[in-house]
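# Notes for the structure review
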Amino acid sequence: NGRWAQRQQLPRIEGHRMGVASVRRTVEECARLGIEQLTLYCLSSENWKRPKEEVRLLTELLFTTLESEALQLHENGIRLRVIGDLTPFGENIDRTVGEVQELTRDNERLNLTVAVNYGGRWDLVNACKTLIKATEENERSCSSDITESTVSQYLSTSDLPDPDLFIRRGGEISVSNFLLWQLAYSELYFTEVLWPEFDEDCLDDALTSYRGRQRRFGKTQR
């Protein structure tokens, strides 16, 4: 978003505002196509390293957008979930997010997950802490009982399927600490398109690429 704004000789926050429009387009197109799960990485735990004013404006834009879009999401049958550490944002933000999640919790057309102040390593560390606590409380449990399935149950995405497709835009070729455990067998797609310019055609290109792949999950080719 910021790079797009700079190329347009605009303040970086304008790039983030245009990014919101791309979010709306992507959500609407996924719902139209019948895609059941969509996860958007809106604010990473590393974004706190950016200039304080940009972080403030970005978080303000993010949460006002969630609040303003809540009713429309609900009317369109979209369920909203937020994953990540909301502690730094205060009680008001936590309450707002809770209200939007409660409003949309029974919707089934599309499950929209928004990652806010999220990091894959944070997710794994948090899962380990919770798992250790649960193990200590159950005297019969031991390390041999811990499996991949057990760890998955303690992640913030425990009730979601692992992603089939991971889309990274803007010419970046990395996963940037996003859903590290969950992406183990995801198909990766990289595009030069910056997020504010990501539209329905760009999504279609990614889906077309995905459909042409054979997912073997470590097995031999069929």
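Here is a short report on the structure shown in this document. It should be emphasised that the depicted structure is a prediction, and the values quoted were computed from it without experimental measurement.

## Structural notes on the environment of E29
Position of E29 relative to the elements: it lies in helix α2 (residues 12-33). Overall, the relative accessible area of 12% leaves E29 in the buried class. With 16 residues separating them along the chain, E29 and I13 place their C-alpha atoms 25 Å apart. Discounting chain neighbours no more than four positions away, the residues touching E29 are E200 and L203.

## What to know about the pattern of salt bridges
Taken as a whole, this structure holds 10 salt bridges when the rule is applied. Ionic pairing is found between R105 and E102, a salt bridge with its closest N-O pair at 3.4 Å. Classification of R105 by relative accessible area gives partly exposed; the value is 47%. For E102, a relative accessible area of 46% puts it in the partly exposed group. Put simply, E53, R56 and E60 are held in one network by salt bridges that share partners.

## Quick look at the sheet that holds strand β2 (residues 78-83)
In any sheet, the strands associate via hydrogen bonds between backbone groups, in a parallel or an antiparallel arrangement. Read from one edge of the open sheet, 3 strands run β1-β3-β2, paired in parallel fashion. Strands with a single pairing partner mark the edges of an open sheet, and in this sheet they are β1 (37-44) and β2. Ignoring strand direction, the axes of neighbouring strands in this sheet form an average angle of 20°. With 7 bridges joining them, β1 and strand β3 (residues 110-118) adopt parallel strand pairing. Pairing of L43 across the sheet is with V116, part of β3.

## With respect to unusual backbone geometry
Positive phi outside glycine occurs at Q9, with the angle close to 60°. Summarising the element assignment, Q9 is placed in the loop between α1 (2-7) and α2. In this structure Q9 comes out as exposed when scored by relative accessible area, which is 75%. One non-glycine residue with positive phi stands out, namely S176, at about 50°. Turning to its location among the elements, S176 is positioned in the loop between β4 (165-168) and β5 (187-190). Under the relative-accessibility criterion, S176 is labelled partly exposed at 34%.

## Looking at the nonpolar core
Counting residues in hydrophobic clusters, the biggest one holds 29 residues, and the most contacted among them are F63, L112 and V116. At the level of elements, α2, β1, α3 (52-75), β2, α4 (91-104), β3 and α7 (200-211) are the ones that each hand at least two residues to this core. No other element matches the 6 residues that α3 contributes to this core. Apart from residues no more than four positions distant in its own chain, L112 is found in contact with V27, L38, L40, L73, I78, R79, L80 and R81. I83, Y118, F178 and L183 belong to the second-largest nonpolar core, a separate cluster that totals 7 residues.

## Side note on α7
In this model, α7 (12 residues) spans 16 Å end to end at C-alpha, consistent with the 16 Å of a helix rising 1.5 Å per residue. Where α7 is concerned, the buried positions are C202, L203, A206 and L207. Around the axis of α7, the buried residues are gathered within 135° of arc, so they sit on the same side. Away from its buried face, by an angle of more than 90 degrees, α7 presents the exposed residues D201 and R211. Elements that come into contact with the buried residues of α7 comprise α2, β4 and β5.

## Details of α2
Helix length check: α2, at 22 residues, gives a terminal C-alpha distance of 32 Å against a target of 32 Å (1.5 Å per residue), a fit within 8%. Three or more residues of α2 are buried, namely I13, G15, H16, G19, V20, S22, T26, V27, E29, C30 and A31. Elements that come into contact with the buried residues of α2 comprise α1, β1, α3, β2, β3 and α7.

Each value, and the rule that gives it
- Residues numbered from 1 in each chain as written.
- Predicted model: local features only at pLDDT ≥ 70, side-chain atom pairs only at ≥ 80, totals over all residues.
- Heavy atoms only, no water.
- Helix = DSSP H or I, 4+ residues; strand = E, 2+ residues; numbered from the N terminus.
- Buried < 20%, exposed > 50% of the residue type's maximum accessible area, 1.4 Å probe, protein only.
- Contact = heavy atoms within 4.5 Å.
- Salt bridge = Lys/Arg side-chain N within 4 Å of Asp/Glu carboxyl O.
- Pairing = 2+ DSSP bridges.
- Axes fitted to C-alpha atoms, helices over the stretch in contact; angles between N-to-C directions.
- Core = buried A, V, L, I, M, F, W, Y, C linked by side-chain atoms within 4.5 Å.
- Expected span 1.5 Å × (residues − 1).
- Arc of directions from axis to C-beta.

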